[in-house]
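Descriptive analysis of the structure
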Amino acid sequence: MKKIVIIGGGIAGLAAAHRLQEEISRGHALECVVLEAADQCGGKIATERFDGFVIERGPDSFISQKPAAIELCKKLGLSDRLVGTNQEQTKTYVYTGKKLVTMPDGLSLMIPTKFLPFALTELFSWPGKARMALDLIIPRKQGNDDESLASFVRRRMGEEALRKMAEPMLAGIYASDPETMSIHSTFPMFVQTEKKYRSLILGMLARKRQQLMQKPSPPKPGENHQPFSLFMTLKNGLGEMVDAVIEKSPDVSFQTNAKVGKVVKGESTAWQVELEDGETIDADAVLFATPAKLSADFLEPIAPGVAELLHQIKYVSTATVTLAYRKEGFSHPLNGFGFVVPRTEGRKILACTWTSSKFPHRTPLGFVMLRCFVGGALKENLAEQAEDAIATMVKKELADLMGIHQEPEICKVFHNKKSNVQYRVGHAGLIESVEKELRDFPGLFLTGSAYTGIGIPDCIQNGTRAAESALEFFSGESQAED
């Protein structure tokens with residue numbers, strides 16, 4: 001029987017474990033152990049539930065256009081738990097000129113697909129609108145060299161689109177500096193759209209027409225009949241997904257508070273994992289589902305070339321602040337999903353989600369809930385303050401930006417220190433080099449947000465593929481033995 005150890009119980013490691021469980025259920029002679037240093041699995045996914053509140057420490061939803069997360073939920077029997085965003089409150093705002101300005105209808109990420117709302121919006125100046133419209137005639141880029149998000153947006157849409165839309169929205173997703181983040185690794189759909197259609201606007205219009213022509217398949221019996229929105233979550237928080245993976249993987253050993261000290265070459269097996277408490281686990285394969293910096297530390301003694309490359313992947317700190325207020329006397333209507341804040345406004349928060357409007361089921365009756373984001377590549381020091389300092393700062397920001405002077409009933413600050421990976425220009429080439437180097441070390445595998453996508457669907461897909469690579473490795477070994 002072959003044995004694989006997965007180091008790291010975040011969603012990528014859990015997805016890998018569930019994929020291996022599927023093979024075990026089919027009769028594959030395989031043993032799988034997941035080692036998680038924290039006191040619970042899930043990584044950034046962590047849900048707190050109390051008194052009718054559902055509070056997410058990390059992500060609160062996942063994008064539905066990438067199918068891996070929805071597919072996993074279906075496999076786990078969570079189809080009827082999937083919910084979309086509130087379709088009655090769909091507005092999103094940009095804080096600019098000391099007020100909240102509505103994003104125009106038909107704006108897909110940063111690309112206008114409806115003429116009239118774009119022409120009438122006060123978000124952009126007339127020169128800014130004219131510059132964005134030049135996308136219709138600007139020639140496509142020649143060659144396949146990577147470039148920064150800032151370079152790409154300036155070239156296609158202009159400086160104002162970068163400052164008011166791309167930087168707060170797109171770079172905000174990655175908590176990155178748009179001047180250094182890779183367009184190829186973060187938003188490859190923009191690169192592909194430019195190649196195919198030349199114009200981003202024409203490409204997005206063509207995509208909308210294709211979507212209108214495609215009739216959705218009817219739901220299968222027992223499946224959730226609610227139409228999928230762009231962002232999906234689970235009724236009781238994303239922690240449901242973590243719990244379900246563990247429950248539906250009975251043949252996998254999940255060990256929490258299991259801190260790995262080092263990984264060494266084994267004697268009776270290819271590899272040996274040594275825990276800090278002295279326990280050793282023999283393994284035929286090891287899958288590192290840890291942040292790149294931690295994987296690099298583990299790999300330094302056994303695969304120094306891989307470790308050196310992984311150390312080039314940088315991380316930055318962020319923090320989230322969740323605040324709940326009594327609805328009675330609350331001064332803002334919260335008529336939308338929230339707002340983003342361009343860096344040029346000089347504020348101390350990156351964005352604010354109006355959670356009780358976006359996902360009404362997250363709060364009990366009589367309360368509203370907000371969630372603010374702090375830090376990132378350009379304001380990292382703000383996220384590394386003490387919790388009390390961050391809470392005070394955020395409450396002052398909300399007073400200035402939204403006119404909220406009421407004291408919250410709940411205020412929870414969550415630090416994510418050096419946990420947000422940065423996909424810098426040339427990232428894809430770096431990952432190719434990592435994969436090439438890793439071929440010299442059969443039985444070692446990597447997965448997680450550091451490689452080919454930071455979102456939950458990306459991590460699930462990446463973890464699943466890593467597990468399948470391990471299965472192929474075991475299959476090849478078995479054939480060699482025969």
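Numbering of residues starts from 1 in each chain and follows the order in which that chain's sequence is written. Reporting in this predicted model follows two pLDDT cut-offs: at least 70 for local features of residues, and 80 or more for side-chain atom pairs to be given and counted; totals over whole chains, interfaces and linings ignore these cut-offs and use all residues. Note: side-chain values were computed over all heavy atoms of the structure, leaving out hydrogens and water.

**Topic: the sheet that holds strand S1 (residues 2–7)**
Only strands joined by at least two bridges in the DSSP assignment are considered to pair. Strands here mean DSSP runs of E at least two residues long; helices mean DSSP runs of H or I at least four residues long; both are numbered from the N terminus. Strand order in the open sheet formed by five strands is S12-S2-S1-S16-S22, and the pairing between neighbours is parallel. Looking at which strands have only one partner, the edges of the open sheet turn out to be strand S12 (252–255) and strand S22 (444–446). When the angles between neighbouring strand axes are averaged without regard to direction, this sheet yields 15°. As paired strands, S1 and strand S2 (residues 30–35) are joined by six bridges and run parallel to one another. Of the residues in S2, the one forming a bridge with Ile 6 is Val 34. Convention adopted: a line fitted to C-alpha atoms gives each axis, helices being fitted over their contacting stretch, and angles between N-to-C directions are expressed from 0 to 180 degrees.

**Examining the sheet that holds strand S15 (residues 280–283)**
Spatially, S13-S14-S15 is the arrangement adopted by the three strands of the open sheet, whose pairing is antiparallel. Both outer strands of the open sheet, strand S13 (260–265) and S15, are each paired with one neighbouring strand and no more. This sheet shows a mean twist of 20° between the axes of neighbouring strands, independent of strand direction. When strand S14 (residues 271–275) meets S15, the two strands line up antiparallel, connected through four bridges. Within the sheet, the bridge partner assigned to Gln 272 lies in S15 and is Asp 282.

**Some words on a negative patch on the surface**
A contiguous patch of negative charge on the surface is contributed by Asp 297, Glu 300, Glu 308, Glu 437 and Asp 440. Inspection of the secondary structure assignment puts Glu 308 in helix H12 (residues 304–310). Since its relative accessible area comes to 56%, Glu 308 is described here as exposed. Patch rule: a residue counts if its relative accessible area is over 30% and it has no salt bridge; like charges are joined within 9 Å, and nonpolar side chains (Val, Leu, Ile, Met, Phe, Trp, Tyr) within 5 Å. In this description, accessible areas are obtained by the Shrake-Rupley approach with a 1.4 Å probe, and a residue is regarded as covered only by the protein chains that are shown. What counts as a salt bridge is simple: a side-chain nitrogen of Lys or Arg found within 4 Å of a carboxyl oxygen of Asp or Glu. Counted as positive: Lys and Arg. Counted as negative: Asp and Glu. His and the chain ends are not counted at all. Every charge is mapped to an atom, namely NZ of Lys, CZ of Arg, CG of Asp or CD of Glu. Residue burial is assigned from relative accessible area. The probe radius is 1.4 Å, only protein chains are included, and a residue is buried under 20% of its type maximum, exposed over 50%, and partly exposed in between.

**A short note on the pairing of S12**
Burial along S12 is one-sided: Val 252 and Phe 254 are buried, while Ser 253 and Gln 255, pointing the other way, are not. Bridging between S2 and S12 involves four bridges; their strand directions are parallel. By the bridge assignment, Val 33 is partnered in S12 with Ser 253.

**Here's the deal with the packing of helix H5 (residues 149–156) against helix H6 (residues 159–174)**
When two helices pack together, their arrangement is given by the angle between their axes and by how far apart the axes lie. Remark: H5 packs on H6, axes separated minimally by 9 Å, with the N-to-C direction vectors making an angle of 140°. If you check the angle between H5 and H6, you find them oblique. For H5 against H6, the interelement crossing comes out right-handed. Across the interface between the two elements, Leu 149, Ala 150, Val 153 and Arg 154 of H5 pack against Glu 159, Ala 161, Leu 162, Ala 166, Leu 170 and Ala 171 of H6. Residues are grouped as follows: nonpolar covers Ala, Val, Leu, Ile, Met, Phe, Trp, Tyr, Cys and Pro; charged covers Asp, Glu, Lys and Arg; every other residue, Gly included, is treated as polar. Of the residues that constitute the contact of H5 with H6, the class distribution is eight nonpolar, no polar and two charged. Roughly parallel here means an angle under 35 degrees, roughly antiparallel means over 145, roughly perpendicular means 65 to 115, and every remaining angle is called oblique. With the far helix as reference, a near helix turned anticlockwise by less than a right angle produces a left-handed crossing, and one turned clockwise produces a right-handed crossing. Contacts were defined at the residue level, with two residues in contact if any of their heavy atoms lie within 4.5 Å.

**Considerations on the pairing of S2**
Each regular strand displays side chains that alternate between the two surfaces of the sheet. Here S2 lies mainly inside the structure; five of its six residues are buried. In this region the chain leaves S1, passes through helix H1 (residues 11–25) and returns to the parallel neighbour S2; the handedness of that crossover is right-handed. Viewed with both strands pointing away, a crossover whose connecting path from the first strand over the helix to the second turns clockwise is right-handed.

**Considerations on a nonpolar patch on the surface**
Together, Leu 134, Leu 136, Ile 137 and Leu 202 line one region of the surface with nonpolar side chains, adding up to about 340 Å² of accessible area. As for its position among the elements, Leu 134 is in the loop between helix H4 (126–133) and H5.

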